[in-house]
Every structure is written in structure tokens, then in C-alpha cells.
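Single-letter residue listing:
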Amino acid sequence: MITVPQEAVAFEFNPTPLIVAERGEVRQVCRVMVHDLPMPTDATLRVRRGDVDVSFPLDLPAGRSTHEVYLPEVTEAQGAAVELQAGDLSWRTEVDFTPVRRWQVFFVNHSHTDIGFTHTPSAVVEVHNKNLERALEFARATADWPSDARYRWTCESAWQVQNYLRARPTDRARLIDAIQDGSVEIEALYIHSYFDLLSREQLVRSLAYAQRMRNELGAPVTSAMICDVPGCAWSLVDLFAASGIRFLAIAPNNFLAPFHATTDLPRPFFWQGPAGGRVLVWYTDDPYWAYIEGARHGFWQGLEQVEEKLPAKLARLESDGYPFDAVQIQLGSDNRPLRLLPATIAREWNRKYLSPRIRIATPSTFFRHAEEQWSDRLPVVTGEWQSSWSQTTLHYPQEAAASRRNHGTLDLWERFAVVADWVNEAFVYPTAEVAAAYDASLLFDEHSGPKGIWRPHSPEEANQALREGYQMFEEATLPARDGLATALASATNALSGGETPAAVVWNMLSWPRGGIVEVDVPAAWIEPDASVVDEETGQAVPHEVAEPAGDEARVRIRAGDVPAMGYKRYLFTRDEGQARGAAPSASLTVKGDSATIENEQIALTVEATGGITDLVDARSGASLVETNTWPGLNALVRYVADPHGPEPGGDFTADKRLYEGTPIGGRVVNPTFVQTEEIVSWRSLDRVTVSTSAIIDDLYRWRSEVALDGDQIEITNRLSWLDRPADPEVLYILFPFASPSPCIRHAAQYAVVDPCTQTLSGSSLDSFAIQHWLDLSTQDHGVTVWSADLALADYGGINMQRFLRRFAPETGTVAFRVATGRSLPPRDGDPFGRRPCLELRFAIRPYRGVFDPLAAHHFGEARTLPLHVAALPAQHPGFWNEQPGSLVELDSASVMLTGLKGAESGDGYIVRVWESAGRRSLARLSFPRHTLLAAWEETPVEAEIGRVELFEGGLRFELGPFETATFRCVLGR
Ligand SMILES: [Zn+2]
């Protein structure tokens, strides 16, 4: 006989959430685990609980074994004494039984879309085409299975469906059938972008294809998924709600984005947008595997693995305080082929267990359950969910900056195309071209960056992926650039010329404004004593001839009061006695390696390195530069984060810190050698510019132009690479403003966000994506900053990968992220970053008094959507003979026009408006040069809501704080 030492054998007894039927009786499955048994033994398990006193014979093998026994359920919590008797030995334990939840596991099959990353973009299209084709086959093959186990497939991005219908147009009817019977569901978002970087209209276009699927396939489209990307624009919440999207399933990847480590949000929750729209949000709870979570619970292995892992998962949810009886589990890895296995597991499981019930489902099925059962118990939360991953764009800074600028170009293209359509009978509105360019812009701004491959099979494959990504960039930018030029020319060419040649200045914003414009005209228009006269006032305006070159001359004109959504003409006359320019009012002093410019409002000093070391607002008396820590405003600063993870291609799951938000330190690289090349200055129309050039450590050439124009400072930097730096440094441009603990605000797409108080729990606080402006203010003065090319700003200093848990910047330093130093010049075969020279433009507007959102919007949007100008010869045979002025009038204190485009239906024009100051506001919209025949209010994606009564030939409406509206207007002449 072998004596077993009692303490050597571990014995566990666990009630599980599994329920079975045993000879017609409902029983709870309990698991018995025995470890380290030295030899096989016959044993008896005895459970005594209230009236229950049952014994089970167990054959225990040597080593480790698991056994199941079935017990009646309890109706209320009850303790039990459990004893395992093996020969002379026995082990005892106390166990608490609680009533068993009737779990429902809604299991969502999909395949996550990365454009690139695993394959070339073109191969990714094929993967998803094949997936949807097979999903339709699986749905048919399992049509006679029990309902819960029938195959169901979710198209995680609408882009998958667009590609499928292009490649397999004959499958349309099959797809419609599958959508109708619920075996295929299309999610709303076109693709998973860095949403915080997208423009307003890109956000709308992200949902536009879903509306097409509703119109053309009868797809309901009520839910959206965001997988992988750890962030989503707050403004998208209102657009979801307004577009019929009630549900949002998010699966944030915590790599360098510790959402789960920092969030205290329950699941699910209602997320409320800036204007009050709501979506019901579910998030996956695995920080490592996110949308691949189903694989962790055995669904890519088999029934046995699910039986082992799923009960533990459900028990853990219960013990962690999860209050509900249903969960969603999704499974869809990066561009992975679909598998039938989860459905066969569900079929076997449901045969075996009464509960939990595994339901092969789509996201909306789960959400409808949640909405019906739990709505009144869910919290409503607000705030921006800033993505931690948008910084990936620092690896391709040239194209990222161009993409940001292109957002404005796309917007202007549509506005000018509508105007051209109105005034020029020969113009054809480019509906399809605009849609294709927006699609390409969303694909380029998607979260796979430049579309490279993480682990390419060969250098050829790596470069092929990048070339395809670059093609998306070109398809987004080139048509917009050319289309805008064509529309501007078409609109101007339709105008009849007058007695004298003119420059036509167009303003596509809904308020009048001025500014300096440059136009190329025949040299003969500009004679030595010529004047440029504002046609409306008859007054000469300041102008100058910038670059006479042969028969052409570039003329700069200071335009003023250009009508809202309209145009004005400046006439080139030969009248003598008119003033040619204005008397200079700004003074310029150059002293050694610095220059000082001063006018009545502002005084500033620029160093030969391009830094602004002194900036005083004479109106408020505020000195705005903090020079204790940093070398002035507009300083190029190099920063190296500590090594913390694998190089690209390595095992990025190996380092836990990358998921859990352990702050990563870093150091500023102080240049050892700065060679200043020049400091020169000039005046132009009372605008004084100082230009500098410096070489930093033989790595970078840094050229800056700093100009003072009225009360605004305009900066253009040009950064080029002389060599690739040795360290993986990140370049920043710093603006250390001297405002301790400032009040911070910035423009999001359809919101003004205070990042100190308006972020979603779990959001990145290290940097923020800015749309048109950011603003720092104190009680009596402030400064608004516009950034043309860079989207991401750290507040309070450099916060790269610090994973801030609380956010209260103590300094007014704004650090714009520029590039990773080693991103340029590109390696052989890489089309990104060719001829690298980053243009980095900023404008600064110091002000006296309190923050005014309208002033900030007017400052920022005027620069994002600048005035445009074109030459109009005398006697030009146009056919639009109307007087210059506004074509659209929007009369309101704080409602602005945020979009003007042709209706997707081809019938009329879409006008988008937004309340921009956060207060209820009345507005009137009219078309002074046209007759408004009829108008409809529509959703952002142009589904009709209802006809709108006209009032005195226009529309009258009221918007709540930050609310948007979309009107379709049919016009006649
Ligand atoms: Zn992804």
C-alpha cells in the first residue's frame, strides 16, 4: 500500500455557469479538479448543501484530472460542504453556490480590415471578396441548422461590400437575400480611420456608403464597428445618431494605447455627442486581443477548448461585477479568412447545454437585446476619444501633411463646383469624381498608414504595398487639386467682363472677410501708374507687383470685405492720382542675428534660427513667450524616447508595457552645432517678413519665414533632411506661450473641445488632433494658433508615450509633432517622402479679452479655406451678368455653413450648417441670386427627413448648441 501525503494533492471544486438537462432535470455543471495524484485511485465526492446530500463515485487517474458532476441549481446563495474521499484520505472544502445566470453569448464572426499590414492592398481586397463569397455559401449551407447556430457574417467595413459588388456584380441578388434574412450584416463605417484626423466632410463620407447600401440593397445598417484603432472622433457620435446608426461596437487595441488600463467606463454605455446625439457602445475587454477575443475562448480550436475556457470567462465577468446576462464576443483577425468552425461549435454546444446559449449573431442583434433589456440602467457619458495611434502619421510626414491640406481642398472643390454649376451652363458637376476622391482620402487616412506590410515576404512585396498606398494618396489629392482649379476657372469664366480687366476674388465662407491675394495677370494690365480699385467702393486698394516675368505679372492685392459665399471684383484701372500702396505702419529693426518687427498692436523678435524669442501684445500688455525652458516660439526640438519595444517586424506582443501604459521616458537632443545661414527681411503691403535659415547638426536645414500682418503672425517653416539621424528621434515644433495653467480649447470637427474636461475615460491625453485651431487663454488675454500641416499637439510640453492619467497642463507650451527623424529620406523603392521638404505653416493671433469661439473659427477656417482669385479680362464674353455679391446668405449669430455640394440624388444642392459657439441660435438661409423652389431637411447622409416650409424665399431654422443640419435645396433662376 502507498501512502499519499494529504497535503501533496490539490483539490478544487468549482460550480460553473453551465446548465444541462439530466434525465429531464435541470442541473448545474460543477467541475472537480485534482492535481498531483501519485497513482490511480477510486474516490467518492460528497456534496452537502441544505437538503442536498449526494455522493459521486470518481475514478481518479494519476496526476492531474478534471471531472464533472451535476447538481440541482440553487435559487438563492447557499454554502456547501464538499468532501473528496480516496481510501483513508479525505479533502474538504467550503463552496458558495449562487443562482446560475442564463447567459447568452452573442458571437460575431468578421474579418478585420487592414488595408495593407498583412498583404498588399490589392491582395487585401481579394481576401475580403473571397470571405464574403464564402460567407454567402456558409449561410446557405447552414440554413436548416437551428437558428442560433446558423452561419452569420458581419462586414466590418462597408469598403468590403463596395469591393465585392465591383468584383462580383452578379452576386448582388444573393447578397440582398442574405442581408434580408439576417445572415449578413453590413456595418456603417466605410473604413477604420484615424477618425480624429478626418475633416468634417470625411466623417460624413465615412457613413455615406452605408446609406447607399440602404438605398440599393435594402440593408438596415444600424450599427458600426471600430476595431483595432484606439480612438474615435467625438463628432462622429452625433453623425451616427443623425444618420440612423444607434450602435457602436469598439475593439480597441491597447498597443501603445492603454485604453483598458485607464478607463472606468462600464459595458455597455451611452456615448453622447457634442450636440446630444447618442449611440449605445459596447467594447471588448481584452486589451491584448481586442477583436480577436473569440480565439482566446477557444472558438478557433474546437468545442472542448470552448468548454474549458468560456465558463471561466463568464464566471470572471460575474465575479468582476458585470451585471448583465448577455455578452458579445467577436472574432475577426487582421484580413483573416473566415471559418465555419464557430457555427459548428455553437450547434454542438447548444445541443449539450441548456445554458449558456451561444448565438451566432451580428452586432445589431446583440445591441437590440441590450437596448431592450438594459437601457434604463446604462450611464450616459460624453467626451472626445483621442486616438493614441494617429502619431503613426509621423512616419510619412510629407504625405500626412499633404493629406491634411487636402481636406480643405476637397471641401473647397465641392463649394466651387456648386458655384460653377450655378453660374456656368457648360459646367458638369463632378459627383462621381468627388465621391472617388473622398473614398481615396478615407482609404489613405485609414489606420494602416502608408499601407506597408508588417512582415513582407520580400522587398518587392514591401515596395508594391507602398506603391499601392501611394496611389491612394494620389487618387485623393490630384483630382482635388485639379478639380478645384477647374471649378474656379469655370466659375470665373462664366462671368461677363466689364470695361476694365479685373481680378475676381472668391470667398467660400459664410461670412465676409479680407486678406492678401495673389493673381497672375497679363503684364499689360499693370502699368507703372495703374491702380487696383475695389469695384464696390470705388476706392483704390493697396497692391504691388510681385514678380514681373515677361508677359505675365504676379500682383498682390489686399482684398477686404469679400462677400460671404460670393465674390468681388478688383479693377485694374489707369486712373491717375490713386494710391498704389499703403504707407508702412510697421517698423523693422535688424540687429546682428535677430530682427524686431513692431506695429501698433504687436512687437516681436525673430532669431536667426527662426525662433521667436519675444512677442508682446501691446493691447493687453501681455508678453507671450516663455523662454526659461525652451528657445522661444517656433523652435525645432528633437526628442528621443527610451527604447521600449521591438523594431518593426518584431514580436510586438512580447513587451507588456506597450499595452499597460507604463510611462516611457525620453530626452531632448540638444544640438551641438547650429550654423545660421542668413537672416533677411522684406515688406509687402504693410506685411513685414523676416526669413532665416540654419543647419542643425548637419542633419536638418531649417528655414523659417515669420511675418507680422496687422495683429496676426504668419509662419512658414521648411524642413529638409541633409542626412538620416542615428537615433530614432522625433521632431517637434514648440510654442512655449507664457500662460501658466491656461484654459485650453481646440476645434474638433463639429465641436469645441476643452481637453482638460471633455475627454472620454480611456482616451489618450498625450496629444490631441486639432482641426482648424487651438486656443490658450487666461482671464484677460489669449492666443489662437492655426496649424496648416500638423494635426497633433501635446499640451504643457512633450508628452510622447507618457500615457498621462490626468490632464492639467501647468504651462502654455504647445508641442506640435512633426516627424520621426528617420522617416526621411525614404529607402530605395519607397515612393513616400520623395524630395523631402516639409512645409510647416502656422498662424498666431494674440488677443485681448476673453475667448470668443466665433473669432477663433473665423481665424482658423479663413486659413484652411483661403480666398481664391482669378483674372477676368475686359469685355470677357461670359453669360453671368449679375452684380458681384453673395450667392448664399446665412444670417445667424453663430451658425456657419460647413458644406455645400451637389445632392447625391442629382436633384438640388446640399447645404450643411453647424451651430459653432455652443448656444441655441436662429438662422436664415437664402440664395440671393436664385429662387429657392423647395427644400427638404435630410440626414447627413442625405436620407429625407421632411419637407421644409419656405419663409420669404428662404429657410428659417433653429439649432441647439453644436447641432448640425443638412438641407437639400432645389433652385431656379
Ligand atoms: Zn487594423
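Residues numbered from 1 in each chain as written. Predicted model: local features only at pLDDT ≥ 70, side-chain atom pairs only at ≥ 80, totals over all residues. Heavy atoms only, no water.

Turning to the packing of aromatic side chains, a few remarks are in order. Summed over all chains, the structure comprises 45 aromatic pairs. Summarising the aromatic geometry, the rings of F768 and F807 are spaced 5.2 Å apart at their centres and angled 55 degrees between planes, so their arrangement reads as tilted. Taken together, the positions of F768 in strand β38 (residues 768–769) and F807 in the loop between β41 (792–795) and β42 (812–820) put the pair 39 residues apart, joining distant regions of the chain. As far as burial versus exposure is concerned, F768 and F807 are alike and both buried. Here the aromatic residues W103, F106, F247, W282, Y322, F324, F366, F367 and W374 are joined through ring pairs into a cluster of three or more. Between R49 and the ring centre of F97, over which it is positioned, the NZ or CZ distance is 4.5 Å. Against the face of F951 rests R956, its NZ or CZ located 3.7 Å from the ring centre. (Phe/Tyr/Trp six-rings, centres within 6.5 Å; stacked < 30°, edge-to-face > 60°. Helix = DSSP H or I, 4+ residues; strand = E, 2+ residues; numbered from the N terminus. Buried < 20%, exposed > 50% of the residue type's maximum accessible area, 1.4 Å probe, protein only. Lys NZ or Arg CZ within 6 Å of the ring centre and 35° of its normal.)

Moving on, we get to the pairing of strand β51 (residues 955–959). Here β51 shows one buried face, formed by L955, F957 and L959, and one open face, formed by R956 and E958. Where strand β48 (residues 921–926) lies against β51, five bridges are found, and the strand directions are antiparallel. Opposite R924, over in β51, you have R956 as the bridge partner. (Pairing = 2+ DSSP bridges.)

Okay, the side chain of S490 next. Along the chain, S490 turns up in helix α13 (residues 459–493). Discounting residues that sit within four places of it in the chain, S490 has contacts with A420, N424 and F427. (Contact = heavy atoms within 4.5 Å.)

Ligation of the zinc ion by protein atoms is provided by H112 (NE2), D114 (OD), D228 (OD) and H447 (NE2), these donors lying 1.9 to 2.1 Å from the ion. Classification of the site at the zinc ion as irregular follows from its four donor atoms and the range of 87 to 146 degrees in their angles at the metal. Here the donor residues of the zinc ion are spaced in sequence according to H-x1-D-x113-D-x218-H. Residues H112 and D114 agree in their burial class; the two are buried. (Donors = N, O, S within 2.8 Å, 3.2 Å for Na, K, Ca; no water. Tetrahedral: all angles 85-135°; square planar, octahedral: opposite > 155°, others 65-115°.)

Backbone geometry follows two general trends: most residues other than glycine have a negative phi, and most peptide bonds adopt the trans configuration. Of the consecutive residues R267 and P268, the connecting peptide bond is found in the cis state with omega at -15 degrees. Position of P268 among the secondary structure elements: in the loop between α6 (259–262) and β13 (269–272). For the bond from L824 to P825, the omega torsion is -10 degrees, close enough to zero to count as cis. With respect to the helices, strands and loops of the structure, P825 is situated in the loop between β42 and β43 (837–848). You will see that E942, though not glycine, has its phi angle at about 70 degrees, which is positive. The topology assignment puts E942 in the loop between β49 (931–938) and β50 (944–948). Note on E942: relative accessible area 15%, which makes it buried.

The next thing to look at is the packing of helix α4 (residues 200–217) against helix α12 (residues 431–444). Relative to each other, α4 and α12 sit at 95 degrees, their axes nearing to 10 Å. By the angle class used here, α4 and α12 are roughly perpendicular. On α12, the residues that touch E201, Q202, R205 and S206 of α4 are V434, A435, Y438, S441 and L442. Classifying every residue of the contact of α4 with α12 gives four nonpolar, three polar and two charged. (Axes fitted to C-alpha atoms, helices over the stretch in contact; angles between N-to-C directions. Parallel < 35°, antiparallel > 145°, perpendicular 65-115°, else oblique. Nonpolar A, V, L, I, M, F, W, Y, C, P; charged D, E, K, R; others polar.)

What follows concerns the pattern of salt bridges. Overall, the coordinates contain 58 salt bridges when judged by the stated rule. Residue D148 is joined to R357 by a salt bridge in which the shortest nitrogen-to-oxygen separation is 2.7 Å. Of this pair, D148 sits in the loop between α1 (121–141) and β9 (153–155) while R357 sits in strand β16 (residues 357–361), and the two are 209 residues apart along the sequence. The exposure class of D148 is buried, given its relative accessible area of 16%. With a relative accessible area of 31%, R357 lands in the partly exposed category. Of the charged contacts in the structure, one is a salt bridge between E904 and R205, with a shortest N-O distance of 3.7 Å. Of this pair, E904 sits in the loop between β46 (895–902) and β47 (909–915) while R205 is found in helix α4, placing the two residues 699 residues apart along the sequence. Since its relative accessible area comes to 42%, E904 is described here as partly exposed. Take R205: its relative accessible area is 8%, and that puts it in the buried class. (Salt bridge = Lys/Arg side-chain N within 4 Å of Asp/Glu carboxyl O.)

If you trace the five strands from one edge of the open sheet to the other, you get β46-β47-β52-β49-β50, paired in antiparallel fashion. Of all strands in the sheet, those bounded by a partner on one side alone are β46 and β50. When strand polarity is set aside, the average angle formed by the axes of neighbouring strands in this sheet is 30 degrees. For β49 and strand β52 (residues 964–972), the ladder comprises seven bridges, and the chain directions are antiparallel. Counted as the bridge partner of A934 is V970 from β52.

What follows deals with the sheet that holds β16. Taken together, three strands build an open sheet; the order of strands is β15-β8-β16 and the sheet is parallel. A strand with exactly one partner marks an edge of an open sheet, and here the two such strands are β15 (326–331) and β16. Between one strand axis and the next, the sheet turns by 25 degrees as a mean value, whatever way the strands run. Here strand β8 (residues 104–109) pairs with β16 via five bridges, running parallel. Counted as the bridge partner of F107 is I360 from β16. The strands that helix α9 (residues 341–352) touches are β8 and β16; relative to β16, the one it contacts most, it runs at about 150 degrees. On top of the sheet, helix α10 (residues 363–374) reaches β8, β15 and β16; it is set at about 160 degrees to β15, its chief contact.

With 192 residues, the main nonpolar core has L236, W271, W422, W506 and F957 as its most contacted residues. The element contributing the most residues to this core is helix α11 (residues 397–423), with twelve residues. Listed in part, the 53 residues of the second largest apolar core include I602, L731, F816 and A819. (Core = buried A, V, L, I, M, F, W, Y, C linked by side-chain atoms within 4.5 Å.)

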